[in-house]
Amino acid sequence: MTDSSSGFGPRRVRSTDHPYTLEVLPSDPEDPTGQYTFVPRDADGIERLTQWISADSNAIVELSAWR
């Protein structure tokens, strides 16, 4: 993830460290309080259309906040 005003944003870095690394995509980059879609970072084509989950920005917290 990249730093943005909401703390979430897209980043296109391939990672092989963990098989479940997710890419976070804002539904509307102009509205940081909207929804975000999470897809497997290395997914492409049909995988990006079928393997995803969306969440409202107010339901997303940084992992460090839970530790």
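The rules behind the values
Residue numbers here run from 1 along each chain, matching the order of that chain's written sequence. Thresholds applied to this predicted model are a pLDDT of at least 70 for local features of residues and 80 or more for the giving and counting of side-chain atom pairs; totals over whole chains, interfaces and linings are not thresholded and use all residues. Note that the side-chain values use all heavy atoms of the structure and ignore hydrogens as well as water. Should DSSP find at least two bridges between two strands, the strands are regarded as paired. Runs of H or I in DSSP of at least four residues are treated as helices and runs of E of at least two as strands, each being numbered from the N terminus. Here, a salt bridge means any Lys or Arg side-chain nitrogen found within 4 Å of an Asp or Glu carboxyl oxygen. The classification of residues rests on relative accessible area computed with a 1.4 Å probe and restricted to protein chains. Under 20% of the type maximum is buried, over 50% is exposed, and intermediate values are partly exposed. The angle between two axes is taken between their N-to-C directions and runs from 0 to 180 degrees, where each axis is a line fitted to C-alpha atoms and a helix contributes only its stretch in contact.

J.: Could you give me a rundown of the pairing of strand 2 (residues 35-40), with the residues and numbers involved?
T.: Pairing of strand 1 (residues 22-26) with strand 2, which is carried by five bridges, proceeds in the antiparallel orientation. Bridge assignment links L25 to a residue of strand 2, and that residue is T37. Bridge analysis of strand 2 against strand 3 (residues 53-56) gives four bridges, and the strand direction is antiparallel. Within strand 3, the position partnered with Y36 by the bridge is A55.

J.: Now, about the pattern of salt bridges: what can you tell me, with residues and values included?
T.: Following the criterion strictly, the structure yields one salt bridge and no others. The partner of E23 in a salt bridge is R48, and the shortest N-O contact between them spans 3.4 Å. Residue E23 is located in strand 1, and its partner R48 is located in helix 1 (residues 46-50); the two are separated by 25 residues in the primary sequence. The class of E23 is buried, set by a relative accessible area of 1%.

J.: Give me the sheet that holds strand 3: which residues, what numbers.
T.: Pairing in this open sheet of three strands is antiparallel, and the strands run 1-2-3 from one edge to the other. The sheet is open, and its two borders are formed by strand 1 and strand 3, each paired with just one other strand. Averaged over all pairs of adjacent strands, the angle between strand axes in this sheet comes to 30°, irrespective of strand direction.

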